[in-house]
Amino acid sequence: MALRDASGITKHFAGLTALDNVSLTIEAGSTHAIIGPNGAGKSTLINVLTGRLVPDYGTCSFDGQSLIGRPPHAINQLGITRVFQTPELYNDMSCLENVTIAGLARRDGSFRFNLFQAPKRLGPERDHAASVLEKVGLGRFKEREARLLSRGDKRRLELAICLVHDPKLLLLDEPTAGMSHHETMSTTELLRDLKGEHRTMTKIVIEHDMDVVFALAERITVLHQGRTIASDTPEGIRNNDDVQEAYLGGAEL
Ligand code: ADP
Ligand code: MG
């Protein structure tokens, strides 16, 4: 079953065509990478998929429901979560508090939570948050303030904040940007092994690092100047002449 279908997506910015008739099918439970040189339209496509931008033309659906015209929070409620390029954390709070608060927002609706309610009422949320921290490899840092984490661990914490909502679709925008080689390798491993609570989580990854892309993705869509030039398995993408050409002089493949 196709979890997500985008068809004929076109988006202009003042005369510039950022997306030109882009179609995309994402299989439920798969990891799908979107790659392409700078300015190819990757971020614009993600912004359309998460409701931040309304396309000029085209349709886009998730589990059979149209996403066009739905505001970002409504799309979020359908189970679509985006991990931002820059972590957005409460820096002076512990990792456990950061994830617990995110979980409360899920329980009580968007940010209608009360930080000062009796701690024992937070028991289940704290336990759940702790288990999510374990899952992303931050179990030993539960009580550590977010600001004291390394860059890579901050990304893990942000991932935990997304996972506490048990998303059906997780969008990762350059998850290893700015990481050391070691952090990149461990994050790639973590993302590869990550399954949702129901083991059907779908992942869309935008990534420059081709080692990460080929380690994670089951399918790869290549954008170039707002158009899809290929959508194939990693093997097919490696051997695709159009892709090679699009990358000549640009990013390595
Ligand atoms: P990528 O993420 O692949 O690097 P983007 O989707 O950010 O590419 O951008 C695609 C094209 O659209 C680029 O030429 C970019 O300059 C342009 N663009 C993106 N967002 C805007 C915007 N809000 N206003 C005007 N032009 C934009
Ligand atoms: Mg971008």
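As a reminder, the structure under discussion sits directly above these lines.
This text gives an overview of the structure that appears in the document. (Residues numbered from 1 in each chain as written. Chains lettered and ligands numbered in written order. Predicted model: local features only at pLDDT ≥ 70, side-chain atom pairs only at ≥ 80, totals over all residues. Heavy atoms only, no water.)

**Considering the overall build of the protein**
Heads up, the rule is: Only DSSP runs of H or I with at least four residues qualify as helices, and only runs of E with at least two residues qualify as strands; both kinds are numbered from the N terminus onward. Partly exposed residues are those whose accessible area sits between 20% and 50% of the maximum for their type, while under 20% is buried and over 50% is exposed, using a 1.4 Å probe and protein chains only. Pairs of residues are marked as contacts when any of their non-hydrogen atoms sit within 4.5 Å. Computed by Shrake-Rupley with a 1.4 Å probe, the accessible areas treat only the displayed protein chains as cover when residues are assessed.
Each helix and strand counted, the protein has nine helices and 10 strands in total. The burial tally for the protein puts 50% of its 253 residues in the buried class. Partitioning the contacts of the protein with sequence separation of at least 6, the portion at a separation of at least 24 is 66%. In the form shown here, the protein has an accessible surface area of approximately 12,400 Å², with 48% of it arising from carbon and sulfur atoms.

**Re the site of ligand 1**
Formally: Here a residue is considered near a molecule or strand provided that any single heavy atom belonging to it is located within 4 Å of it. For the purposes of these results, a polar contact is taken to be a pair of N or O atoms within 3.5 Å, where, inside protein, one atom must be able to donate a hydrogen and its partner to accept one; residues adjacent in sequence count only when each atom of the pair is a side-chain atom. Note on residue categories: nonpolar means Ala, Val, Leu, Ile, Met, Phe, Trp, Tyr, Cys or Pro, charged means Asp, Glu, Lys or Arg, and polar means any other residue, Gly included.
The immediate surroundings of ligand 1 are formed by Phe13, Leu16, Ala18, Pro37, Asn38, Gly39, Ala40, Gly41, Lys42, Ser43 and Thr44. Separating an oxygen atom of ligand 1 from a backbone N or O atom of Ala40 is a distance of 3.1 Å. Contact between ligand 1 and Lys42: an oxygen atom at 2.9 Å from a side-chain N or O atom of the residue. In isolation ligand 1 exposes 570 Å². Once the protein is present, 57% of that is buried. When residues of the shell around ligand 1 are assigned to their parent elements, the largest contribution, three residues, is made by helix α1 (residues 42-49). Taken together, the residues of the shell around ligand 1 sort by class into five nonpolar, five polar and one charged.

**A look at the sheet that holds strand β7 (residues 169-173)**
Applied cut-off: By this definition, two strands are paired if DSSP reports at least two bridges between them. Here an axis means a line fitted to C-alpha atoms, over the contact stretch when the element is a helix, while the angle between two N-to-C directions is reported on a 0 to 180 degree scale.
A sheet is described by the order of its strands in space; here six strands give the open sequence β6-β7-β8-β3-β9-β10, paired in mixed fashion. A single partner strand is all that each edge strand has here, and the edge strands are β6 (80-83) and β10 (227-232). On average, each strand axis in the sheet is inclined to that of its neighbour by 15°, with strand direction left out of account. Sheet topology places strand β3 (residues 31-35) next to strand β9 (residues 219-224); four bridges connect them, and they run parallel. Among the inter-strand pairings, His32 is bridged to a residue of β9, identified as Arg219. Contacts from α1 reach β3, β6, β7, β8 (202-206) and β9, with the element oriented near 150° to β8. In the packing of helix α5 (residues 151-163) onto the sheet, the strands contacted are β6 and β7, and the crossing angle to β6 comes to about 170°.

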